[in-house]
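Geometric and topological summary
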Amino acid sequence: MSRGQDCSNYRRFPPGFALMPEDFPRKLAALKELTGLTWEGMADALGVDPRQLLRWRNKDGEPNAGATLSLARLAIRVPGGLALLLDEDVDVTYRPRR
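The paragraphs below set out a description of the structure included in this document. (Residues numbered from 1 in each chain as written. Predicted model: local features only at pLDDT ≥ 70, side-chain atom pairs only at ≥ 80, totals over all residues. Heavy atoms only, no water.)

With that out of the way, let us pick up the nonpolar core. Counting residues in each nonpolar core, the largest one holds 17 residues, and the members touching the most others are Leu-28, Leu-31, Met-42, Leu-46, Leu-53, Trp-56 and Leu-71. Among the elements of the structure, α1 (24-35), α2 (39-46), α3 (50-57), α4 (65-76) and α5 (81-86) are those that each provide at least two residues to this core. Beyond its immediate sequence surroundings of up to four residues, Leu-46 is in contact with Leu-53, Trp-56, Ser-70, Leu-71 and Leu-74. (Core = buried A, V, L, I, M, F, W, Y, C linked by side-chain atoms within 4.5 Å. Buried < 20%, exposed > 50% of the residue type's maximum accessible area, 1.4 Å probe, protein only. Helix = DSSP H or I, 4+ residues; strand = E, 2+ residues; numbered from the N terminus. Contact = heavy atoms within 4.5 Å.)

As structure tokens, then:
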């Protein structure tokens, strides 16, 4: 956002605070389907306990910053995964580290 723009329509949150979209459980399930993983496999790929994924699916909790980064790292490796999570058209070129 550039200087002088009206910011009144933007919600302000303290640093490190964000809200997950209402349809996050649906997006999580769709990402799981794109990866072809089981829920246990997805939990392992994200480095979280499978019960944590169940909480996210049931809207009983949200991923912390580390888990959100893991979700993004997983999604970027799946064609259409990041676009699915962000609800945006995203072109990604994945280059693994050497």
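Anyway, onward from the coordinates.
Positionally, Leu-34 belongs in helix α1. Sequence separation between Leu-34 and Leu-84 is 50 residues, and the spatial gap between their C-alpha atoms is 9.8 Å.

Quick look at unusual backbone geometry now. Its identity as a non-glycine residue notwithstanding, Lys-59 has a phi of 60°, on the positive side. For Lys-59, the location among the structural elements is in the loop between α3 and α4. Of the residues examined, Lys-59 reaches a relative accessible area of 54% and is grouped as exposed.

Our focus in this paragraph is α4. A turn of α-helix holds 3.6 residues, and therefore any two residues three or four places apart point the same way. Taking 1.5 Å per residue, 12 residues should reach 16 Å; α4 reaches 16 Å between its end C-alpha atoms and fits that length. Residues of α4 that are buried include every one of Ala-67, Leu-71, Leu-74 and Ala-75, and no others. Taken down its axis, α4 places every buried residue within 95° of arc, on the same side. In this structure, the buried residues of α4 make contact with α1, α2, α3 and α5. The residue sitting at the N-terminus of α4 and contributing the capping side-chain oxygen is Asn-64; that oxygen lies 3.1 Å from the backbone nitrogen of Gly-66. (Expected span 1.5 Å × (residues − 1). Arc of directions from axis to C-beta. Polar contact = N/O pair within 3.5 Å; in protein donor to acceptor, adjacent residues only side chain to side chain.)

Next up on the list: the pattern of salt bridges. As enumerated under the stated definition, the model contains 6 salt bridges in all. With a closest N to O distance of 3.6 Å, Glu-22 and Lys-59 form a salt bridge. Note that Glu-22 is positioned in the segment before α1 and Lys-59 in the loop between α3 and α4, a separation of 37 residues in sequence. Of the two residues, Glu-22 and Lys-59, both sit in the exposed class. Between Arg-51 and Asp-49 there is a salt bridge, with its nearest N and O atoms 2.9 Å apart. Residue Arg-51 is classed as exposed on the basis of its relative accessible area of 55%. Taking relative accessible area as the criterion, Asp-49 reaches 34% and is therefore assigned partly exposed. Within this structure, Asp-23, Arg-26, Lys-27 and Asp-87 form a network of salt bridges that share partners. (Salt bridge = Lys/Arg side-chain N within 4 Å of Asp/Glu carboxyl O.)

This is a description of form; function is not addressed.
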